[in-house]
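# Structural description and commentary
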Amino acid sequence: MAKTAKHKRPRVVKSVKALRDAMSDWRKRKLPIALVPTMGALHAGHISLVDLAKKSAKKVVVSIFVNPTQFGPNEDFSRYPRTLEADLDKLTQAGADLVFMPDAKEMYPEGFSTMLTPSGPAAVGLDDKFRPGHFSGVATVVAKLFTSVMPDIAIFGDKDYQQLQVIKTMARDLHLPVKVIGAPVIREKDGLALSSRNVYLSAADRAAAPILHKTLKQSAKAIKQGEAADAVLARGREQIAAAGFKIDYLELRDAATLAPAPEDKKSKKRLLVAAKIGNTRLIDNIAV
Ligand code: PAF
């Protein structure tokens, strides 16, 4: 039997003006507002962010915008999955209140000339090294989403861990009055982190993909048990390559700054991986 919607379909607005008009009554009533920024192709990971947003605020805005400025020239902008109707069904089920779905002209009108250039966690030799310009595009569009929606809180997945640190730093540095919250990675039963890009995986690549999470878990355990990080990481890189991946990085970093991790036992650390199988680049990370 078809699942009946508990909630009514959220209103969809496409311009910043329509967005602000739609939210003006909430603002007058001082209702706490949460924003969940997305590029669509929604999966259970995104819906977990909407669920957390609903618990944390009275009104939930979800943005859907495949942001051209965060894709490199040889990346997947044109083939990035676009599944609008299914996305709106999922957002109805999840109880989102408003969907902001601008087009590229609304976000980057003729004459647009102000891009942010984040440093700090955006310049530590992880995704920034392999996707030059990516975090400039992310920081710019997220700053624009923040100033358009003016949410009290904004929720992002921990899966894009470097992105989360870049956005937290950007919001702090620009004095944007929004609390940026990271939410846990949602995984398939075999450990693969949910990602809109998983649809690109061939059956054979999909079968190999859980090695990323398995390696992260094994490596984190070995490091926590006191084994030297360099040896653990070298072994992890070999294991991932043996499964058919071309590895960009497997690195242990300080959890907040993402600078190379200090040798101490006290500071919080994060193990991060990015690797390509076939034409699909996957990223994942775990707390250590
Ligand atoms: O994580 C994403 O989906 C995107 O990078 C974001 C944060 C929506 C910015 O375009």
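Remember, it's a predicted structure, so these values are computed and weren't measured experimentally.

About the cut-offs
Residues numbered from 1 in each chain as written. Predicted model: local features only at pLDDT ≥ 70, side-chain atom pairs only at ≥ 80, totals over all residues. Heavy atoms only, no water. Near = heavy atom within 4 Å. Polar contact = N/O pair within 3.5 Å; in protein donor to acceptor, adjacent residues only side chain to side chain. Areas by Shrake-Rupley, 256 points an atom, 1.4 Å probe, with all protein chains shown as cover. Helix = DSSP H or I, 4+ residues; strand = E, 2+ residues; numbered from the N terminus. Buried < 20%, exposed > 50% of the residue type's maximum accessible area, 1.4 Å probe, protein only. Pairing = 2+ DSSP bridges. Axes fitted to C-alpha atoms, helices over the stretch in contact; angles between N-to-C directions. Contact = heavy atoms within 4.5 Å. Core = buried A, V, L, I, M, F, W, Y, C linked by side-chain atoms within 4.5 Å. Parallel < 35°, antiparallel > 145°, perpendicular 65-115°, else oblique. Nonpolar A, V, L, I, M, F, W, Y, C, P; charged D, E, K, R; others polar.

### Side note on the site of the ligand
- The full set of residues close to the ligand is Pro 37, Thr 38, Met 39, Asn 67, Gln 70, Val 141, Val 142, Phe 156 and Gln 163.
- In the model, an oxygen atom of the ligand is placed 2.6 Å from a nitrogen or oxygen of the Gln 70 side chain.
- Here the ligand has 290 Å² of accessible area as a free molecule, and 89% of this is covered by the chains.
- Of all the secondary structure elements, the ones that give two or more residues to the shell around the ligand are β2 (33-38) and α6 (134-149).

### Describing the pairing of strand β9 (residues 280-287)
- Buried residues dominate β9, accounting for 7 of its 8 residues.
- Of the strand pairs in this sheet, strand β8 (residues 269-277) and β9 are connected by 8 bridges, and their pairing is antiparallel. Within β9, the position partnered with Val 273 by the bridge is Asp 284.
- Hairpin remark: β8 followed by β9, antiparallel, with 2 residues in the connecting loop; positive phi at Gly 278, about 60°.

### Some thoughts on the sheet that holds β8
- The strand order across the open sheet formed by 3 strands is β7-β8-β9, and the pairing between neighbours is antiparallel. Sheet topology places β7 (246-254) and β9 at the edges, where each strand pairs with a single neighbour. The sheet shows a mean angle of 10° between the axes of neighbouring strands, direction not considered.
- In the sheet, β7 pairs with β8 via 8 bridges, with the strands oriented antiparallel. Bridge pairing in β8 places Tyr 249 opposite Ala 274.
- Contacts from helix α9 (residues 211-224) reach β7, β8 and β9, with the element oriented near 30° to β9.

### Thoughts on the environment of Arg 11
- The residue Arg 11 is located in strand β1 (residues 11-13) in this model.
- The sequence separation of Arg 11 and Asp 97 amounts to 86 residues, and the corresponding C-alpha distance is 6.9 Å.
- Leaving out residues up to four positions away in the same chain, Arg 11 has contacts with Ala 22, Asp 97, Leu 98 and Val 99.

### Concerning the nonpolar core
- Formed by 35 residues in total, the largest nonpolar core has its most connected members in Val 61 and Phe 146.
- When residues of this core are traced back to their parent elements, those giving at least two are α1 (16-28), β2, β4 (98-100), α6, β5 (153-157) and α7 (161-173).
- By residue number, the principal contributor to this core is α6, which donates 9 residues.
- Residues in contact with Phe 146, not counting those within four places in the same chain, are Leu 35, Pro 151, Ala 154, Phe 156, Ile 167, Met 170, Ala 171, Leu 176, Val 178 and Val 180.
- Within the second largest apolar cluster, 22 residues are counted, among which are Leu 201, Ala 220, Ala 275 and Ile 277.

### Looking at the packing of α1 against α6
- Closest axis-to-axis distance for the α1/α6 pair is 9 Å, and the angle between their directions is 50°. In terms of their interaxial angle, α1 and α6 are classed as oblique. Seen from α1, the contacting residues are Val 16, Leu 19, Arg 20, Met 23 and Arg 27; seen from α6, they are Thr 147, Ser 148 and Val 149.
- Class assignment for the residues of the contact of α1 with α6 results in 4 nonpolar, 2 polar and 2 charged.

Distances and angles like these do not, on their own, reveal function.
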